[in-house]
Amino acid sequence: MPDGIKELNFDELDKLAFEVREFMLESVSKTGGHLASSLGVVELTIALLKIFNPLKDRIVWDVGHQSYAYKILTDRKDTFNTLRKFNGISGFNKISESPYDAFGVGHTSTSIASALGIKTAADIKNKEQNVVAVIGDGAMTAGLAFEAINYLGHLDKNLIVILNDNEMSISPNVGALSSYLSRIMTGEVYTKFRKDVSHLLEHAPMGTKFLHVAKKMEEGVKGFFTPGVLFEEFGMKYIGPIDGHNIKDLIKAIHNAKIQDGPSLIHVGTKKGKGFKPAEDNPEKFHGVSAFDLKTGKAIKFGSSKTYTDIFSDKICEIAERDENVVSITAAMPDGVGLRKFAEKFPDRFFDVGIAEQFAVTFAAGLAVNGLKPYVAIYSTFLQRAFDSIVHDVALQNLPVTFCIDRGGLVGADGPTHHGSFDLSYLRMIPNLTVMAPKDGKELEDMLELTCSLDGPVAVRYPRGAADKYDYSYCKVEKGEPEIVNNAGDYAIVSAGHIFSEAEKLQNMLKNDGLEVALVNMRFIKPINKDSLLNVLLDKKSVVLMEENALNGGACEAIQSILIDAGYKGDIYKYGIPDEFVPHGDIGSLRNFIGLTAEQIYSYISQKWQKNA
């Protein structure tokens, strides 16, 4: 528990930092997780717990990638081996998981806004409560962070923002001098002196002018040595840069921020992957890792099949080779979405806009309106942040922007903040938008090829992980046309996207019982050739519809509406993600949890269909 940290001296705190890193490495090497950032903030975490009471005060971690040491040092050391496992602890902060977690996170750049809300509520309720937001430098590229800083300056709340800058390299001379100036200018003696002088000048003849000159001189001296002028202009007291691995300096800086009137920003320089050389040398690789060998840092591979992301990566480069108007855009995830190779081959046609999904989409619209063909590669869960731009800037103008939506459906260990549960539902209702979902890697290639000949906006949605492969004969992908895999029997299974793997398994299970069943792969969520679909389904006694997306508003509802409107009288069974947030865990456990496995569906419908056969 964190109370014991307050009793430790600096040597003991340094020893604790070493032990936490060793424990974290030992555990994450088995479970996988977001490692590099968490290794970088061990000393900062200890300093925060040395000064604050995390049950009374509130510490808000941005995203949660940095919070593993916090979990270990509060109340989750004994369960840390269950990290990201089904029924285990989350890889992010969750208020339902621990009273030490001040705010649920998973998407970036929310910490300052939520912390400001927490602090404002405390002030309204006359509650004495220190509130701290810890945000990484990458998260500061998002507009939400600066919107929050702007309003923080307006409200002038006593909120501490800690900017964890793990990309900077502090020059020893300038860094030492600037740290010294920050300690002096925010220390208790100087702070009291500043208040006394301000009070005196405010009540003296010509005092206001002298006060203005004095403030400009202070800003000039400090701004010459530090990068804090921007934050000072937002009304924040800037402290830093501080060595993020020097516990003594961190504690002093946090203490100084605590005694300030109004908002403070502590600029902390840390090293991603600190204490583990493979992660220090390649922090991007160790940002999020699967299980790895602790001695070498090499991933323990459980398969070598091409992933959907790999297939996208190869195909987009092939398309760009043929068409010089093709450009690609990512929001700070070139490796995650498979655009690293594109960036290396076509550096002038690749744009990483930072953590700014809304900007990425509107930027793509601007590129498209002037003759280019943008491909925006983005995780499903993050595309949610750009919904208005998709509608207003792309679809409304019918611009040829292609959204390559990775991590569609359940993503596994990252859990509810990262599942791509809603994309088919919210994309399906947007006019002018073509929406496709491949069942396998070959279909993804063909759908990307089809985007080259389509004029308006397109979304291609595919999952995380190894691409599926099937042996039966393959028909060409044509706009709006479903793939009729089999049209046998009096019953049918219709699948949208990669959940086809369970649909095919279900068909085979029923076939083993002697029941012939039609199998349809939708391919398109929008548009849908209704005649092609009804030709197969309208005379069936019963139909099973499957998707790995929210049932509310999803593909199953689209197909159900087509059937009902056409007067279909048979039974319709829909299987997908129910109206709830699905937890974290392996894909198999999660599908079983929501009833989306072939075995579960078989156990329900087989007896019904056998009776009616």
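Residues numbered from 1 in each chain as written. Predicted model: local features only at pLDDT ≥ 70, side-chain atom pairs only at ≥ 80, totals over all residues. Heavy atoms only, no water.

Visitor: Help me understand the sheet that holds strand β8 (residues 373-379) in this model?
Guide: Sheets are built from strands paired through backbone hydrogen bonds, the pairs being either parallel or antiparallel. Taken in spatial order, the seven strands line up as β7-β6-β8-β9-β11-β10-β15 in an open sheet, and their pairing is mixed. Each end of this open sheet is capped by a strand with a single partner; those strands are β7 (350-352) and β15 (524-526). On average, adjacent strands in this sheet sit at an angle of 20° to one another, irrespective of strand direction. With three bridges joining them, strand β6 (residues 326-330) and β7 adopt parallel strand pairing. Bridging across to β7, Thr330 finds its partner in Asp352. (Pairing = 2+ DSSP bridges. Helix = DSSP H or I, 4+ residues; strand = E, 2+ residues; numbered from the N terminus. Axes fitted to C-alpha atoms, helices over the stretch in contact; angles between N-to-C directions.)

Visitor: What is the right way to read the pattern of salt bridges from this model?
Guide: A side chain of one charge can pair with a side chain of the opposite charge when the charged atoms of the two come close. Applying the stated criterion across every chain, the model contains 35 salt bridges. We note a salt bridge from Glu449 to Arg322, for which the minimum N-O separation is 2.8 Å. Remark: Arg322 occurs in helix α13 (residues 308-322) and Glu449 occurs in helix α19 (residues 441-451); sequence separation between them is 127 residues. Arg322 sits in the partly exposed class, given a relative accessible area of 48%. Salt-bridge contacts for Glu443 lead to Lys439; the nearest nitrogen and oxygen are separated by 3.0 Å. Salt bridges here are not isolated pairs; linked through shared partners, they connect Lys71, Asp75, Arg76, Glu97 and Asp101. (Salt bridge = Lys/Arg side-chain N within 4 Å of Asp/Glu carboxyl O. Buried < 20%, exposed > 50% of the residue type's maximum accessible area, 1.4 Å probe, protein only.)

Visitor: How should helix α5 (residues 111-124) be read in this particular structure?
Guide: Owing to its 3.6 residues per turn, the α-helix brings residues three or four apart onto one side. Its 14 residues give α5 an end-to-end C-alpha distance of 20 Å, which sits within 8% of 20 Å, the value for a rise of 1.5 Å per residue. Of the residues making up α5, those classed as buried are Ser111, Ile112, Ser114, Ala115, Leu116, Ile118, Lys119, Thr120 and Ala122. In this fold, the buried residues of α5 make contact with β1 (58-61), β2 (131-136), α6 (143-155) and β3 (159-165). Looking one or two residues beyond α5, the residue adopting positive phi is Asn126, at roughly 55°. (Expected span 1.5 Å × (residues − 1). Contact = heavy atoms within 4.5 Å.)

Visitor: So what exactly am I meant to see when it comes to the nonpolar core here?
Guide: Where a protein is soluble and globular, its nonpolar side chains tend to be buried together. Counting 83 residues, the largest nonpolar core has Phe312, Phe342, Leu383, Phe403, Leu427 and Leu537 as its most contacted members. Of all the elements, α13 adds the most residues to this core, at seven residues. Not counting residues within four places of it along the chain, the set of residues in contact with Leu383 comprises Val361, Ile378, Ile390, Phe403, Ile405 and Tyr426. One finds Ile51, Leu83, Tyr100 and Ile247 within the second-largest nonpolar core, a separate group that totals 50 residues. (Core = buried A, V, L, I, M, F, W, Y, C linked by side-chain atoms within 4.5 Å.)

Visitor: Help me understand the sheet that holds β1 in this model?
Guide: The strand order across the open sheet built from five strands is β1-β2-β3-β5-β4, with neighbouring strands paired in parallel fashion. This sheet does not close on itself; its edge strands, each paired only once, are β1 and β4 (237-243). Adjacent strand axes in the sheet meet at a mean angle of 20° when their direction is disregarded.

Visitor: Explain helix α24 (residues 598-612) to me, please; I cannot follow it from the model alone.
Guide: Taking 1.5 Å as the rise per residue, α24 with 15 residues should run 21 Å; its terminal C-alpha atoms sit 20 Å apart, in good agreement. Taken as a whole, α24 carries its principal kink of about 40° at Ile605. Taken together, the buried positions of α24 are Ala598, Ile601, Ile605, Ser606 and Trp609. Elements that come into contact with the buried residues of α24 comprise β13 (491-496), α20 (500-512), β14 (517-521), β16 (542-550) and β17 (571-577). (Bend = angle between axes of the 7 residues up to and from the residue.)

Visitor: In this structure, what is going on with the packing of aromatic side chains? I would like to understand it.
Guide: Both the distance between ring centres and the angle between the ring planes are used here to describe each pair of aromatic rings. The tally for this structure, following the rule as stated, stands at 21 aromatic pairs. Look at Phe359 and Phe363: their rings are 5.4 Å apart centre to centre, the planes differ by 20°, and that puts the pair in the stacked class. One end of the pair is Phe359 and the other is Phe363, both in helix α15 (residues 357-369) and four residues apart, which spans about a single turn. Among the residues examined, Phe359 registers a relative accessible area of 45% and is labelled partly exposed. For Phe363, a relative accessible area of 24% translates into the label partly exposed. Residues Phe387 and Tyr426 carry aromatic rings whose centres are separated by 5.7 Å and whose planes lie at 90° to one another, so their mutual orientation is edge-to-face. Highlighted residues: Phe387 in helix α17 (residues 387-395) and Tyr426 in helix α18 (residues 423-428), separated in sequence by 39 residues. (Phe/Tyr/Trp six-rings, centres within 6.5 Å; stacked < 30°, edge-to-face > 60°.)

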